[in-house]
There are 4 protein chains.
Amino acid sequence: MKYENGKVTELKIAYIGGGSRGWAWGLMSDLALCDKISGTVYLYDIDKQAAYDNEKIGNSISKIDSNYGNFKYVAADTYELALTNADFVVISILPGTFDEMESDVHTPEKYGIYQPVGDTTGIGGVFRALRALPMFFEFAEKIKEFCPKAFVINYTNPMALCVAALYKAFPEIKCFGCCHEVFHTQDFLCRIVANELGIEKPKRNDIKVNIVGTNHFTWLTKAYYNDIDLFPIYESFCKKQARKNEDDSNQDVICNGGGVFTDGQRVKMDLFLKFGYIAAAGDRHLVEFCPPNWYLKDPATVAAWKYALTSVKWRKEELRGRLARKDRLLSGEEEMKIVLTGEEGVNQICALLGLNDFITNVNLPNYGQIPNLPLGAIVETNARFCAGGITPVFAGNVPTTIKPLVDRNVDVQRMILDACWERDLDKAFIAFITDTQNTLTLHESRELFDEMVKNTKEYLKEFF
Amino acid sequence: MKYENGKVTELKIAYIGGGSRGWAWGLMSDLALCDKISGTVYLYDIDKQAAYDNEKIGNSISKIDSNYGNFKYVAADTYELALTNADFVVISILPGTFDEMESDVHTPEKYGIYQPVGDTTGIGGVFRALRALPMFFEFAEKIKEFCPKAFVINYTNPMALCVAALYKAFPEIKCFGCCHEVFHTQDFLCRIVANELGIEKPKRNDIKVNIVGTNHFTWLTKAYYNDIDLFPIYESFCKKQARKNEDDSNQDVICNGGGVFTDGQRVKMDLFLKFGYIAAAGDRHLVEFCPPNWYLKDPATVAAWKYALTSVKWRKEELRGRLARKDRLLSGEEEMKIVLTGEEGVNQICALLGLNDFITNVNLPNYGQIPNLPLGAIVETNARFCAGGITPVFAGNVPTTIKPLVDRNVDVQRMILDACWERDLDKAFIAFITDTQNTLTLHESRELFDEMVKNTKEYLKEFF
Amino acid sequence: MKYENGKVTELKIAYIGGGSRGWAWGLMSDLALCDKISGTVYLYDIDKQAAYDNEKIGNSISKIDSNYGNFKYVAADTYELALTNADFVVISILPGTFDEMESDVHTPEKYGIYQPVGDTTGIGGVFRALRALPMFFEFAEKIKEFCPKAFVINYTNPMALCVAALYKAFPEIKCFGCCHEVFHTQDFLCRIVANELGIEKPKRNDIKVNIVGTNHFTWLTKAYYNDIDLFPIYESFCKKQARKNEDDSNQDVICNGGGVFTDGQRVKMDLFLKFGYIAAAGDRHLVEFCPPNWYLKDPATVAAWKYALTSVKWRKEELRGRLARKDRLLSGEEEMKIVLTGEEGVNQICALLGLNDFITNVNLPNYGQIPNLPLGAIVETNARFCAGGITPVFAGNVPTTIKPLVDRNVDVQRMILDACWERDLDKAFIAFITDTQNTLTLHESRELFDEMVKNTKEYLKEFF
Amino acid sequence: MKYENGKVTELKIAYIGGGSRGWAWGLMSDLALCDKISGTVYLYDIDKQAAYDNEKIGNSISKIDSNYGNFKYVAADTYELALTNADFVVISILPGTFDEMESDVHTPEKYGIYQPVGDTTGIGGVFRALRALPMFFEFAEKIKEFCPKAFVINYTNPMALCVAALYKAFPEIKCFGCCHEVFHTQDFLCRIVANELGIEKPKRNDIKVNIVGTNHFTWLTKAYYNDIDLFPIYESFCKKQARKNEDDSNQDVICNGGGVFTDGQRVKMDLFLKFGYIAAAGDRHLVEFCPPNWYLKDPATVAAWKYALTSVKWRKEELRGRLARKDRLLSGEEEMKIVLTGEEGVNQICALLGLNDFITNVNLPNYGQIPNLPLGAIVETNARFCAGGITPVFAGNVPTTIKPLVDRNVDVQRMILDACWERDLDKAFIAFITDTQNTLTLHESRELFDEMVKNTKEYLKEFF
């Protein structure tokens, strides 16, 4: 890495999960559009062919525009090759395959347990963690061995637990976890500001927020646009929408998305009217942290709250689409579209290189930024990115009324972390029966747990 | 109060709820049997006649045996009379009547929610707290006014919240809360020790324990008899009983109690086999802190786990018996039986007067004795009683696996405390829907909450 | 206050100590140069004539350039007039007069105790605090009464104790304390960067630092220029200068200031070579926090370390110069010079109004930003200023080797705060004999303390 | 180890420093007088002959009285032999010889620094720690290897640092440090109680105290005899004695000791009159924690405060006496006197074996028993000893006025611990110049430090 004239060259970025069709392509695009940094991205993946494919795709970008040639892509067969002296490590993997995810999400449905996402918390989150964490312990050990001073950005879910696993196995790691859910909520606030104040839609960064919570269950305890406190505006908006809901008419179009991922924000707004703080994640995530009978009792309830249960069948289909696109990209039939993704990874890299100085939300160990959560738990708050590293901004307490739901999540995550560290399925079972989403009897829990272990045993070998 | 020759005379004890037929009579008995202290007990009760009746009953004790004349009893019509310069204050009241308790315990049954006790946590605990806490704020203010240096012993449930309310309204109060549930568990361990080691049943005090938790959900993280670690003995005993359960044969008789209050210890032993720590309260209490489908799904599940759902109908009948006894005691038809109750109140009084120095479990604000629970939360641990006051003994962390269940309780209690302090029924509703025992939809919760408010509105006037 | 088109109008700023000739004029200048805000500044001072003079001087600025007419100045005879509905309160006062300060600084010299500043810590700091804090308790009560939601900026020394007093008397106050010492150290680093790297001198804001400590004894635990870690550069620079010192030749000119305030940075560099962290305040301040025999044994030692003992005689003369200037300004003989002072007050005001978003160092209660200092102690760290308020940035622990010196200061300050709150001169005496700078016998301490009380008794009436 | 009929047999105790002539003989005596335990004591010493001598002396005790034959003594040449499966480890060593101690105590006198003890804190304490701590790291490693579950009792000074070193090298060690200074203060209170109340002198254990602080600088924040608060009695006594001091007449005889160790309690009483809390250690220790000019400026000041500067010359002579006694004991010319020493080691052993249950003061890591001192620092408070282990009793905060002096000690100790762990003499030098007792210039400090390193270099090899 060299610093010259306000630019950094010869940067080395290692990408674990570098065969991905999604995050990897997005990163390629964001890197191509950043004229301040250049270097090489090493792509490591257990699916080696995927990494080689992405090497080709990545290197093809420079042909679109020679300005895009700032980064070279190299598939790396070994951790050593990928990580040695890396300046940054990006981790974005799928723990297991969509077959395992199908077990995570859909097996519990036989017992009446529905999960709109199933990758963070709840029944599915427990099992996904059991597969992921042993891998993350290994990543941490390799990073410790080959590039202990690298900054490590994790995008993998279950976010908080993956980051926790990295710190558990290598406490000095300089890791943080990134997620865009808060951004989407800021964007929702922008739409509301525009609508309610009759002004042009502001930019997301102009919405200043204070954030507390744990990934996918983050809460805004303050939100300002310029000097305008957005809480009264949001309150009146939520009340108006709630009345529209009661009339069974549609909500305003600014609440609507569409398809498998988007939601009508009804849960988010209902949570505001109950708790007085702005839940800042997609409704599909938020409901997984609440008592299941609030919003997730059954498909009818889900439909009434206007959000989707994302099926793994859909994910598999969508993957088929991405694989087809990969083929077209490789053959040259299609050209990568180079546009900003809206993710902040590249901005963060620039800031940590001293090229920028800004504040955004990330997942970090709690050093006291949220005083009423346990020290060391992975929490999501604002943090400052600049030369010298990442420092969390003091966020204050989780509000008293929300704390029971956050604590349950933090406590169960801690148990899962221990269970994975100790390779202890009995402890994992206690986490399983204690999770908010588990409404089964002890007997049913045992049956379901055993079935899910069986379904995914290929990826649980370390526990036996 | 005067100290002479190892005895204390002219002690003034104020008893709030002094018209009680139960605790009050027990205290009279224990006081009569203590030859180190003497003085006067002032009985205050909103049911003034009950206080006058107990004055008579208390003063009749000296006729049984002149040695029992160490304490005089005086019914006090006002706080001022009862409390002025009191050395000790005992609080043991029923918040509302059994009619309100009937609403607490049985109204939720319409929605499939069962409660074996319903006075500590869960749906019933929330409503009992709403009635009790405004009274306890008043008690604290009166104590602050008339006897700020008195030691205050609370026996009222919800224990932790009543103690919390006293500290909230008068932070310098010297209050602690007493409960005998841990004693019963120590006694169960004595029976096991005798049975398993083939020795004479030890005395309860010879079982040395470390205690963490919150009232009625206390856990022993250590238990010794002499130098013998009781955990392996308890483990083998629990496993043996579990096998007997599976065979559908009966458990050993040492587990059995009988009737409305006692239980077969099955829950307690199952919790040990899951968590590896000794739950130290009656099974009827313990189940109210666990996810409801574990042990409390429906009456059949309750029956299978061999504990009782104590009905308020039974309580009302039992009260009729006590009222009849009161009449007999007043008329002289029956004579008070003077025997030790096994409660430790009088021993504690003696120790605080410098006549003793011992360690027992009590409910106190968390000053750090349980590092992983919030400071200020009312927790149950060991404490030293001696001249100079009560000091908690360091208890250590709540074990990771148990923490989610304890946290939920502590968090919801905090919300109820705030709701009562602020007289805010909306906040009480959030506590209500967040409680572990509440499995209803938001709509059902609203219906049930409103009905229970209506049922008990006589005692909730301050909230309107 | 009104927000329109990215500007804020009708702002109300109250200035306590508004008759000042120094800070007040600087603020007028900075306000005149800020085109984003406009409004009125209310000047309150116990020296009413001084406030009226400044009203005139302030209002004369618009005559220099009509663009400078954005703020009007009004002398306010009462707190009520000055504070009612103020958006911001600026506090910059002299506690007592320079006669009292003469006692603070020079009376201890009879006992061989020298003080280069004497307004923050040490013997002089104790007495200045005894005069100042009762006033600050009053300010806090008035702010609570008339403008509880205002942001309050304190510039008065002893900084940490004045801010602590405001929070003690009104815990919800939105107050922070500002000091430019860190800026000067950043500027010193800029000079070193330019010198050592052979580049143009960077701007102060381009030096990214992490700050821990207490006002005037702040330490940089990280310092970066772009991606360049400045610690090795600073180390080699300090070693080079240390060798030059030994050769008795002069240090490099970039270290030199001149006159009563500036210093040769020798103490600062010696501290770096001992502790490995960058002390970030003037040497005159730093030495007052170290054991006195390190750098402050006697005037010869002071001379050897190339910093000055600022005499109060000099301050009095300098004041005479400012008073003469005031007369010239009032008469129109001289015109105010409108230039940026380099202070950040106006930038901070803008940011808190939502017009900016930046990070700088301020004095705030410790919410956990420095985990190894007591919660609530006033500490100096980075903080974010933006719409919604000030939030400290996590700063990390005070390094182990520096902690004894910081703790002594924090502990003695706490004692002084208590002594002032309780108006307890006995407690103040304990603080006095415990202060790092006090090397006297108990007998001498008593003599000196009594003499200094007598010298300043006019301002200590509340203690009798 | 076997437990039978309320007695423990086959106990294994390892004694590191088992060649001692003092503590070892005292322990032999106390063990002989305890009829509840029996077993073997393994004596390990780097002076092997001393261990063999003590083996003989120990085994000779049974000849005095056959009841005294409960313990056998075996000199052990290796750690392995001494420690393997030990139930208890006692550590009581002299770090270096009295020649090194002479350097510790008397070399600083050349610079006007006097030390009455010089083994805990101050200049002497720093150097004693530099010699001792590497040994204690080794002890901890050996204990971890051979008897990780043993209870470890340390009697060696510097107490807090030796215990800290054991925990640093083996965090799971079950170690506590014992000291009798608090006992002596309790005894002083007993004499005062008898004198002032005109009653028979109470037993030490009847004085109930709350203790906070660090070893040799412990403070009683409460003291009761029965229900009598001793603070007002102590206050009136101290005032009376202070008046007698002023009249230059003698203090009451109950204050007096005599000879090299004892003191007239004047410092202790003066500290009470200043701080309002009872300092609970000998005056010779207390003065070493206060600013040196308070009580320790020079020999005349020492004389005025009526305590002694214990010279190492005296210690050497006294050792000669003990060596002569050893010869007489070995030859049979003299017989060991079997009397209780007043130390609590054997009682503690019994309690930890489940034979007792009591509370006394010990040195333990801070788990929160003193909330305003750092977690993990070795603090002295009450703790409960019973089956299952030692648990600290909550002690509360160090009072605000005393905290600066305690913090300085705790902070400097932490630095010394780090310096020893890292074998870093530069860090040790920072501790040396930061210590309360060091009043030298930086130049003098360097000279003295270097000289003391040279004097004791034989024992500092690991630092080079």
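Here, the structure is the one placed above.
Only a predicted model underlies this, so the values are computations on that prediction, with no experimental measurement involved. (Residues numbered from 1 in each chain as written. Chains lettered and ligands numbered in written order. Predicted model: local features only at pLDDT ≥ 70, side-chain atom pairs only at ≥ 80, totals over all residues.)

Once that is clear, we can look at the overall build of chain A. For chain A, the count of helices and strands is 17 helices and 14 strands. For a compact globule of 464 residues, the expected C-alpha radius of gyration is about 23 Å, and chain A comes in at 22 Å, within 12% of that figure. Overall size of chain A, expressed as C-alpha extent along the three principal axes, is 60 × 60 × 45 Å. Of all 464 residues assigned to chain A, the portion counted as buried reaches 55%. (Helix = DSSP H or I, 4+ residues; strand = E, 2+ residues; numbered from the N terminus. Rg over C-alpha atoms; globule rule 2.2 N^0.38 Å. Buried ≥ 20, exposed ≤ 12 C-beta atoms within 10 Å, placed from the backbone.)

On to the environment of Val 398 of chain D, then. Residue and element names in this part refer to chain D. With respect to the helices and strands, Val 398 occurs in the loop between strand E14 (389-392) and helix H15 (403-421). Owing to 26 C-beta atoms within 10 Å, Val 398 belongs among the buried residues under this scheme. The spatial distance from the C-alpha of Val 398 to the C-alpha of Gly 213 is 6.7 Å, given a sequence separation of 185 residues. In contact with Val 398, other than residues within four places in its own chain, are Val 212, Gly 213, Ile 370, Asn 372, Leu 373, Lys 403 and Val 406. (Contact = placed C-beta atoms within 7 Å.)

Attention now goes to the interface of chain D and chain C. With 24 residues of chain D at the interface, the matching set in chain C holds 24 residues. The dominant element in the side of chain D that touches chain C, judged by the number of residues it contributes, is H15 of chain D, at 9 residues. In terms of residue class, the side of chain D that touches chain C is built from 8 nonpolar, 7 polar and 9 charged. (Nonpolar A, V, L, I, M, F, W, Y, C, P; charged D, E, K, R; others polar.)

Residues and elements named next belong to chain D. The end-to-end C-alpha distance of helix H17 (residues 442-455) is 20 Å, a good match for the 20 Å that 14 residues give at a rise of 1.5 Å each. Every buried residue belonging to H17 is among Ser 445, Leu 448, Phe 449 and Met 452, and all of these are buried. For H17, the angular spread of the buried residues around the axis is 100 degrees, confining them to a single face. Set apart from the buried face of H17 by more than 90 degrees, the exposed residues are His 443, Asp 450 and Lys 454. If you follow the buried residues of H17, they end up packed against helix H4 (98-106), helix H5 (122-146) and helix H16 (425-434). (Expected span 1.5 Å × (residues − 1). Arc of directions from axis to C-beta.)

As a further point, take the nonpolar core. Judged by nonpolar contacts, the single largest core of 306 residues is most densely connected at Val 89 and Leu 166 of chain B together with Val 89 and Leu 166 of chain D. When sequence neighbours within four positions are dropped, the list of residues in contact with Leu 166 of chain D reads Phe 136, Phe 139, Ala 140, Val 152, Asn 154, Ile 173 and Cys 175 of chain D. If you look at the next biggest cluster of nonpolar residues, it comprises 305 residues, including Ile 153 and Ala 351 of chain A together with Phe 71 and Leu 309 of chain C. (Core = buried A, V, L, I, M, F, W, Y, C linked by C-beta atoms within 7 Å.)

Residues and elements named next belong to chain D. If you check H5, its first and last C-alpha atoms are 35 Å apart, about what 25 residues at 1.5 Å a residue would give, namely 36 Å. The sharpest bend along H5 reaches about 30 degrees and sits at Ala 132, with the proline Pro 134 one to four residues further on. Counting buried residues in H5 gives 19 out of 25 residues, a clear majority hidden from the surface. (Bend = angle between axes of the 7 residues up to and from the residue.)

Both copies of the chain are related by one operation, a rotation about an axis with a shift along it. Aligned on chain C, chain D shows an RMSD of 0.0 Å; the corresponding rotation is 180 degrees and the shift along the axis is 0.1 Å. Within this description, the copies of the chain are treated as partners about a two-fold rotation axis. Interface residue correspondence from chain D to chain C reaches 100%, placing this contact among same-surface, isologous pairings. (Least-squares fit on C-alpha atoms with pLDDT ≥ 70 in both.)

On to the relation of the copies chain C and chain A, then. With an axial shift of 0.0 Å and an RMSD of 0.0 Å, the rotation relating chain C to chain A amounts to 180 degrees. Both copies present the same face, since 100% of the interface residues in chain C are matched by interface residues at the equivalent positions in chain A.

Taken together, the 24 residues of chain C in the interface contact 24 residues of chain A. Listed by contribution, the elements that provide at least two residues to the side of chain C that touches chain A are strand E8 (207-214), strand E9 (217-225), strand E13 (378-386) and strand E14 (389-392) of chain C. Its residues placed into classes, the side of chain C that touches chain A shows 12 nonpolar, 7 polar and 5 charged.

This part takes up the pairing of strand E8 (residues 207-214) of chain D. Working note: regular strand, side chains alternate between the two faces of the sheet. All names here are of chain D. Most of E8 is tucked away, with 8 of its 8 residues classed as buried. Here E8 shows two buried faces, one formed by Ile 207, Val 209, Ile 211 and Gly 213 and the other by Lys 208, Asn 210, Val 212 and Thr 214. Two strands pair when backbone bridges link them, and E8 and strand E9 (residues 217-225) are joined in this way by 8 bridges, in the antiparallel orientation. Residue pairing for E9: Gly 213 is matched across the bridge by Thr 218. (Pairing = 2+ DSSP bridges.)

The subject of this paragraph is unusual backbone geometry. Cis rather than trans, the peptide bond between Asn 157 of chain A and Pro 158 of chain A has omega equal to 0 degrees. Within the element layout of this structure, Pro 158 of chain A appears in the loop between strand E6 (151-154) and helix H6 (159-169). Backbone geometry places Asn 226 of chain C, a non-glycine residue, at a positive phi of 50 degrees. Relative to the elements of secondary structure, Asn 226 of chain C occurs in the loop between E9 and strand E10 (228-229).

All names here are of chain D. For the pair H16 and H17, interaxial distance at closest approach is 10 Å and the crossing angle is 125 degrees. Comparing their axes, H17 and H16 come out oblique. Here H16 and H17 pass one another in a crossing that is right-handed. Seen from H16, the contacting residues are Phe 429, Phe 432 and Ile 433; seen from H17, they are Leu 442, Ser 445 and Phe 449. Within the contact of H16 with H17, the residues separate by chemical class into 5 nonpolar, 1 polar and no charged. (Axes fitted to C-alpha atoms, helices over the stretch in contact; angles between N-to-C directions. Parallel < 35°, antiparallel > 145°, perpendicular 65-115°, else oblique. Left-handed = near helix turned anticlockwise from the far one by under 90°.)

Let us now look at the arrangement of the chains. Taking C-alpha atoms only, the smallest gap left between chain B and chain C, which are not in contact, amounts to 14 Å. At the C-alpha level, the nearest point of chain A lies 14 Å from chain D, with no contact between them.

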